[in-house]
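Examining the three-dimensional arrangement
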2 protein chains.
Amino acid sequence: MSRHLPFKQVDVFTTVPYKGNPVAVINCMGIDESEVTKEQLQSVANWTNLSETTFLFKPTDGKSDYKLRIFTPVSELPFAGHPTVGSCKAFLEFTNQSESQETRTFHQQCGVGSVELTVSPGKISFKAAQTAIEELDDAVVAQYEAALGISTVAKPKLLRVGPNWVVLLTDDAQACYNANPDFAKLAEIDASHGHSGVILGGAKGDGEHSYEMRAFAPSLNVKEDPVCGSGALSFIRYLQELNGYSEPTEISISQGGRLGRNGQISGLIKTKSGTTTTYHIGGDAVTAIEGQILL
Amino acid sequence: MSRHLPFKQVDVFTTVPYKGNPVAVINCMGIDESEVTKEQLQSVANWTNLSETTFLFKPTDGKSDYKLRIFTPVSELPFAGHPTVGSCKAFLEFTNQSESQETRTFHQQCGVGSVELTVSPGKISFKAAQTAIEELDDAVVAQYEAALGISTVAKPKLLRVGPNWVVLLTDDAQACYNANPDFAKLAEIDASHGHSGVILGGAKGDGEHSYEMRAFAPSLNVKEDPVCGSGALSFIRYLQELNGYSEPTEISISQGGRLGRNGQISGLIKTKSGTTTTYHIGGDAVTAIEGQILL
């Protein structure tokens, strides 16, 4: 049976429509999850051709505000960054909760558990799961430097945050922006090591913890991702490893300029000596398309 | 200035949502074309990530029903097949003309002139411009056969219909469906000869002019196009060259099965001895998403 369900296509990590990263969000909170099959959801996500399409359902864990199912064009994901921010924006609008000036906490049930979201005016953030960080052989680093045409200013690491990102820090923001990777070579290196892709960062040199960032994953058919939440998470986790901030530190990340986008991601490292460090990724989002979808 | 305009995302060459080829259509007939820039339209089309996004404007040629501007994620096109069928569907719905049981003629102003459209219940067809057909060297044909892993049952040709398609006919529908191209090799051959890609067809052997068809354009970053109007046009033009139908002949084309789609394209070759042969491509379409978009 085919029905119309509420639909939004939200632009994430931006306040300016078409400058961020889109996600399609379908509001299934008015139906029972058993009324749709995984195949149906997958066929919609294959058809939208967006990096992710999400479906909001009523929560089933007794503690979350909604359940989110996230699909790429070819598979279902347990979690993803920009789709989480965009889907929370859509949830707030669908449920008429988007106008509050208070800072509020919500929970998103998804494949990795119940993810904590902090919503304040102009910003939706998620608290990331703890992630592993791994060393890379010098020979592998040299391969990446050659394929990216850059030099690094600190030892690159491998971050497993869902995707397996190799994080590299180059001279400065301009060097990051100017990088012209050899995509064929990069795809080959990533594939041979089982890495998803590369996160390249460069400091803006304004003393404000501001960085330019780019994300390349040619072996997954994404030459360059315009604005990447899991990449930003990997990047701030890497910066903490490098700089060991002992007080809460906010990292401002710009991404997408070379693709005509202008994504703005806020990374927050919450740390105090003797306690566990937590990582938070957030930004603003704007709904560009709204209406109904056949499902 | 940002405004909301009517939006539809239409599934083309199918009656079953998510089984055809999508196009996003924005109704700009309520504003003046000078109120938006090409850069704005391009940025929307880059963001939707669909093969084509179109914009309906008031016509300016004094004879068409509407003007259509067609954008891929990276450039504006003078014409394209499935976006024309889908945009006409959206135009009919936007203007409350979709319910008629009559066969009617409309005209679409676009980069190649005023294109004639025939609308009947369950079918929207466009009359194609006359197209050139060119020979291919045997050595080049052999390269394609090797890259596609198929053999041909007639001499392949090059069709210039906007994209430059190499059209090949293999043993039968099953051989076409089963083909597993070497995409890297195919991309290399296409790029070295300035071809856009390959149209592969195979007869269903039901004596009804029914064919399975596939479209590959890996050098343009489209490994396989699910349902392809310009490919179907090239294919029926090729069949006419091969078979020289002397009476009007309808060709039924199925496409997209290997991608989980089920596109149905109707090709009509109108010919009578002594008169110019004309080619018509059509099919049904269904609106899957409707609402408003910020522009």
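Predicted, not measured: the structure shown is a model, and the values here were computed from it.

All names here are of chain A. Examined at the domain level, chain A breaks down into domain 1 (4–126 + 284–294) and domain 2 (132–275). Inter-centroid distance (C-alpha atoms) of domain 1 to domain 2 is 25 Å. Summed over both sides, the interface of domain 1 with domain 2 buries roughly 860 Å², with 49% coming from carbon and sulfur. Its largest share of buried area at the contact with domain 2, domain 1 owes to Phe-13, Lys-19 and Asn-21, together 56% of the area lost on that side.

Let's shift gears to the pattern of salt bridges. Opposite charge on two side chains allows them to pair when their charged atoms are near. Inspection of every chain in the model, using the stated rule, returns 26 salt bridges over all chains. Of the charged contacts in the structure, one is a salt bridge between Arg214(A) and Glu224(A), with a shortest N-O distance of 2.9 Å. Note that Arg214(A) is positioned in strand E13 (residues 210–217) and Glu224(A) in strand E14 (residues 222–225), a separation of ten residues in sequence. Note on Arg214(A): relative accessible area 3%, which makes it buried. Put simply, Lys8(B) and Glu290(B) hold a salt bridge, and the shortest N to O gap is 2.8 Å. Of the two residues, Lys8(B) is situated in strand E1 (residues 4–12) and Glu290(B) in strand E18 (residues 285–294); the sequence distance between them amounts to 282 residues. When its relative accessible area of 6% is taken as the criterion, Lys8(B) is described as buried. Glu290(B) gets classed as partly exposed once you look at its relative accessible area, which sits at 32%. Overlapping salt bridges bring together Glu33(A), Lys38(A), Lys67(A), Arg69(A) and Glu76(A) as one network.

Moving on, we come to the interface of chain B and chain A. Listed by partner, the interface residues are 30 residues for chain B and 30 residues for chain A. When chain B packs against chain A, the two sides together hide about 2,300 Å² of surface, and 56% of this comes from carbon and sulfur. Linking chain B with chain A are zero salt bridges. The interface formed by chain B and chain A holds eleven residue pairs in polar contact (both at pLDDT 80 or more) in total. At the level of secondary structure, the elements contributing two or more residues to the side of chain B that touches chain A comprise E1, strand E2 (21–27), helix H1 (38–48) and E18 of chain B. A class-by-class count of the residues in the side of chain B that touches chain A yields 14 nonpolar, twelve polar and four charged. Here strand E18 (residues 285–294) of chain A pairs with E18(B) via five bridges, running antiparallel. Across the sheet, residue Ile289(A) finds its bridge partner in E18(B), namely Ile293(B).

All names here are of chain A. Here helix H3 (residues 138–148) crosses helix H5 (residues 183–193) at 155 degrees, and the two axes come no closer than 9 Å. If you check the angle between H3 and H5, you find them roughly antiparallel. Between H3 and H5 lies a crossing whose hand is left-handed. Only Lys-185, Leu-186, Ile-189, Asp-190 and His-193 of H5 make contact with H3, whose side of the interface consists of Val-140, Gln-143, Tyr-144, Ala-147 and Leu-148.

The next subject is the UniProt feature "active site" (unreviewed entry) in chain A. All names here are of chain A. With numbering matched to this structure, UniProt assigns "active site" (unreviewed entry) to Glu-52. One can find Glu-52 in the loop between helix H1 (38–48) and strand E3 (53–57). The buried category is assigned to Glu-52, whose relative accessible area is 11%. Leave out the neighbours within four places in its chain, and Glu-52 touches Val-23, Ala-24, Ile-70, Phe-71, Thr-72, Leu-77, Ala-80, His-82 and Pro-83.

Another aspect to go through is H3(A). All names here are of chain A. All buried positions along H3 are accounted for by Val-140, Val-141, Tyr-144, Ala-147 and Leu-148. In an axial view of H3, the angular spread of the buried residues amounts to 125 degrees, which keeps them on one side of the axis. Turned more than 90 degrees away from the buried face of H3 sit Asp-138, Ala-139 and Ala-146, all of them exposed. In this structure, the buried side of H3 is in contact with strand E11 (164–170), H5, strand E12 (197–203) and E13.

Before going further, it helps to spend a moment on the state of the cysteines. Residues and elements named next belong to chain A. Going through the model one piece at a time under the given rule, you end up with zero disulfides over all chains. No disulfide involves Cys-88; its sulfur sits 12 Å from that of Cys-110, the nearest cysteine. Accessibility expressed as a relative area gives 0% for Cys-88, which makes it buried.

Two measures describe an aromatic ring pair: the distance that separates the ring centres and the angle between the ring planes. Throughout the structure, instances matching the rule amount to 14 aromatic pairs over all chains. Pairing Trp47(A) with Tyr18(B) gives two aromatic rings, centres 5.0 Å apart and planes at 85 degrees, and the pair type is edge-to-face. Of the two residues, Trp47(A) sits in helix H1 while Tyr18(B) sits in the loop between E1 and E2, which places them in two different chains. A relative accessible area of 0% places Trp47(A) in the buried class. Classification of Tyr18(B) by relative accessible area gives buried; the value is 7%. Each ring, one from Tyr211(A) and one from Phe235(A), has its centre 5.2 Å from the other, and the planes form 80 degrees; the classification is edge-to-face. Of this pair, Tyr211(A) sits in strand E13 while Phe235(A) is found in helix H6 (residues 229–243), placing the two residues 24 residues apart along the sequence.

In the superposition of chain B on chain A (RMSD 0.0 Å, axial shift 0.0 Å), the rotation amounts to 180 degrees. Seen this way, the second copy is the image of the first under a two-fold rotation axis. Looking at the rotation axis and the C-alpha trace of chain B, the residue lying nearest is Gly291(B), at 1.9 Å. Most of the interface of chain B is mirrored in chain A: 100% of its interface residues are interface residues there too.

Backbone geometry follows two general trends: most residues other than glycine have a negative phi, and most peptide bonds adopt the trans configuration. Residue and element names in this part refer to chain A. One non-glycine residue, Phe-13, lies in positive phi territory at about 65 degrees. Structurally, Phe-13 can be placed in the loop between strand E1 (4–12) and strand E2 (21–27). Here the phi dihedral of Asn-96 falls at roughly 55 degrees; this positive angle occurs in a residue that is not glycine. Of note, Asn-96 is situated in the loop between helix H2 (81–94) and strand E6 (104–110).

What counts as what
Residues numbered from 1 in each chain as written. Chains lettered and ligands numbered in written order. Predicted model: local features only at pLDDT ≥ 70, side-chain atom pairs only at ≥ 80, totals over all residues. Heavy atoms only, no water. Domains from an automatic or database assignment. Buried area = accessible area lost by both parts, 1.4 Å probe. Salt bridge = Lys/Arg side-chain N within 4 Å of Asp/Glu carboxyl O. Helix = DSSP H or I, 4+ residues; strand = E, 2+ residues; numbered from the N terminus. Buried < 20%, exposed > 50% of the residue type's maximum accessible area, 1.4 Å probe, protein only. Contact = heavy atoms within 4.5 Å. Polar contact = N/O pair within 3.5 Å; in protein donor to acceptor, adjacent residues only side chain to side chain. Nonpolar A, V, L, I, M, F, W, Y, C, P; charged D, E, K, R; others polar. Pairing = 2+ DSSP bridges. Axes fitted to C-alpha atoms, helices over the stretch in contact; angles between N-to-C directions. Parallel < 35°, antiparallel > 145°, perpendicular 65-115°, else oblique. Left-handed = near helix turned anticlockwise from the far one by under 90°. UniProt positions renumbered as here; feature names shortened; annotations may be inferred. Arc of directions from axis to C-beta. Disulfide = S-S within 2.5 Å. Phe/Tyr/Trp six-rings, centres within 6.5 Å; stacked < 30°, edge-to-face > 60°. Least-squares fit on C-alpha atoms with pLDDT ≥ 70 in both.

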